[in-house]
Amino acid sequence: MEDYNRAGLAPFLACKCPRCGKGRVFKKSILSLGQFSDTYDNCPNCDLSYEPETGFFFGAMYWSYALIVGTIITGGIAMKFLGLWDYAIGGIMAFLLLNIPIIIRYSRMLMLYVVYPMMYKEKFYGHPMDEE
Ligand SMILES: [Zn+2]
């Protein structure tokens, strides 16, 4: 059996470390313009490296793409059912622009919570997974 000890949904939503669920991931508040995506190098609590290799966070692009497309589809369907289809393009664009910091931050959080434990098991769990 693998002793997975990945943090759960609450630390994910609170932007905490994917391993211990306590250390912060981002240095600044989500409201600090231009610095909302600044990430610590290591977890301040358990010292997990947040960037297992150079360019790790480039993968966040794919997550942000998925989040944006999902928002457009969901928003389009919602606007249609609310009878606001005429305002769908403007409304969804405005919603996306306002939520850019959230999309960027949670794209990085998805990299840390989904991709990191799958691709960098030794670094994430601190020991090879086949160890008994
Ligand atoms: Zn940690």
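The coordinates are above.
Remember, predicted model here, so these are calculated numbers, not experimental data.

Caption draft 1: Inspection of the overall build of the protein chain at higher detail. Counting secondary structure elements, the protein chain contains 5 helices and 0 strands. Ordered by position in the sequence, the α and β elements of the protein chain form the string α-α-α-α-α. Counting only C-alpha atoms, the protein chain reaches 60 × 35 × 25 Å along its principal axes. Residues classed as buried in the protein chain amount to 14% of the 132 residues present. Within the protein chain, contacts between residues at least 6 apart in sequence are counted, and of these 48% link residues at least 24 apart.

Caption draft 2: Representation of the environment of Leu31. Locating Leu31 in the fold gives a position in the loop between helix H1 (9-13) and helix H2 (60-81). Residue Leu31 is classed as exposed on the basis of its 8 C-beta neighbours within 10 Å. With 70 residues separating them along the chain, Leu31 and Pro101 place their C-alpha atoms 8.1 Å apart.

Caption draft 3: A look at the packing of H2 against helix H3 (residues 88-98). Contact geometry for H2 and H3: axes closest at 10 Å, N-to-C directions at 140°. In this view, H2 runs oblique relative to H3, as classed from their interaxial angle. Relative to H3, H2 is oriented so that their crossing is right-handed. Of H3, the residues touching H2 (which contributes Ile68, Thr71, Ile72, Gly75, Gly76 and Met79) are Ala88, Gly91, Ile92, Phe95 and Leu96.

The rules behind these values
All residue numbers refer to position in the chain's written sequence, counted from 1. In keeping with the predicted nature of the model, local features appear solely for residues at pLDDT of at least 70, side-chain atom pairs appear and are counted solely at 80 or more, and the whole-chain, interface and lining totals rest on all residues. Numbering of helices and strands starts at the N terminus; helices are DSSP runs of H or I of at least 4 residues and strands are runs of E of at least 2. Put plainly, a residue is buried at 20 or more neighbouring C-beta atoms within 10 Å of its own, exposed at 12 or fewer, and partly exposed in between, counting only other residues' C-beta atoms, which are placed from the backbone. By the convention adopted here, residues are in contact when the distance between their C-beta atoms, placed from the backbone, does not exceed 7 Å. Lines fitted to the C-alpha atoms define the axes, with helices restricted to the stretch that makes contact. Angles between their N-to-C directions range from 0 to 180 degrees. Small angles under 35 degrees read as roughly parallel and large ones over 145 as roughly antiparallel, with 65 to 115 read as roughly perpendicular and the rest as oblique. It is the rotation of the near helix from the far one that decides the hand of a crossing: anticlockwise by less than a right angle makes it left-handed, clockwise makes it right-handed.

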